[in-house]
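Listed below are the residues making up each chain.
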Amino acid sequence: MATSPLTTHILDTSTGLPAEGVEVSLFRITDKEILTARTRSDKDGRCPRLLSHGQPILGTYKIRFEVEDFFAKNGSSCFYPYVEIVFNILDATQHYHVPLLISPFGYTTYRGS
């Protein structure tokens, strides 16, 4: 199977473990937000198939991570109930990986490979 043009990976830096079971929603942003995909991170904290080959890909997207539910399930409260990352896909020939590192009181992201 070919790799999706867009993937994400969520790691809980407070435990050093993958964040399994986080609800992840992908929106394409035009003049409005269009829900494109909704999934949960797997046991490795990954969502490997956010976009399928053949879907329109160029444009602005938002990934929303429901982290409050993840931390509550694991017995913690958190400061940020969700994380939204907005980014542009400018080249349909490239792979886009958007990792998220979370803890109960912070998060960081970057363009991965």
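Description of the structure in this document. Only a predicted model underlies this, so the values are computations on that prediction, with no experimental measurement involved.

## Considerations on the pairing of strand β7 (residues 83–89)
(1) Moving on: Covered by surrounding structure in β7 are Val83, Ile85, Phe87 and Ile89 only, the residues Glu84, Val86 and Asn88 on the alternate face being uncovered.
(2) Moving on: In terms of strand pairing, strand β6 (residues 59–66) meets β7 through 7 bridges, oriented antiparallel. Paired with Arg64 across the bridge in β7 is Glu84.

## Let's talk about the pattern of salt bridges
(1) Moving on: Going through the model one piece at a time under the given rule, you end up with 6 salt bridges.
(2) Moving on: Salt-bridge contacts for Lys62 lead to Glu33; the nearest nitrogen and oxygen are separated by 2.9 Å. One end of the pair, Lys62, is in strand β6; the other, Glu33, is in strand β4 (residues 33–40), and 29 residues separate them in sequence.
(3) Moving on: We classify Lys62 as buried; its relative accessible area is 6%.
(4) Moving on: Given a relative accessible area of 44%, Glu33 falls into the partly exposed group.

## Section: the sheet that holds strand β3 (residues 23–29)
Pairing between the strands of a sheet comes from backbone hydrogen bonds, and it takes one of two forms, parallel or antiparallel.
(1) Moving on: Sheet architecture is open: 4 strands sit in the order β4-β3-β6-β7, paired in antiparallel fashion. What marks the edges here is a single partner per strand, and that holds for β4 and β7. Within this sheet the neighbouring strands show an average axis-to-axis angle of 20 degrees, counted without direction.

## What to know about the environment of Pro48
(1) Moving on: Along the chain, Pro48 turns up in the loop between β5 (46–47) and β6.
(2) Moving on: The class for Pro48 is partly exposed, based on a relative accessible area of 32%.
(3) Moving on: Considering only alpha carbons, one finds Pro48 and Leu6, 42 residues apart in sequence, at a separation of 7.5 Å.

Quick notes on the rules
- Residues numbered from 1 in each chain as written.
- Predicted model: local features only at pLDDT ≥ 70, side-chain atom pairs only at ≥ 80, totals over all residues.
- Heavy atoms only, no water.
- Buried < 20%, exposed > 50% of the residue type's maximum accessible area, 1.4 Å probe, protein only.
- Helix = DSSP H or I, 4+ residues; strand = E, 2+ residues; numbered from the N terminus.
- Pairing = 2+ DSSP bridges.
- Salt bridge = Lys/Arg side-chain N within 4 Å of Asp/Glu carboxyl O.
- Axes fitted to C-alpha atoms, helices over the stretch in contact; angles between N-to-C directions.

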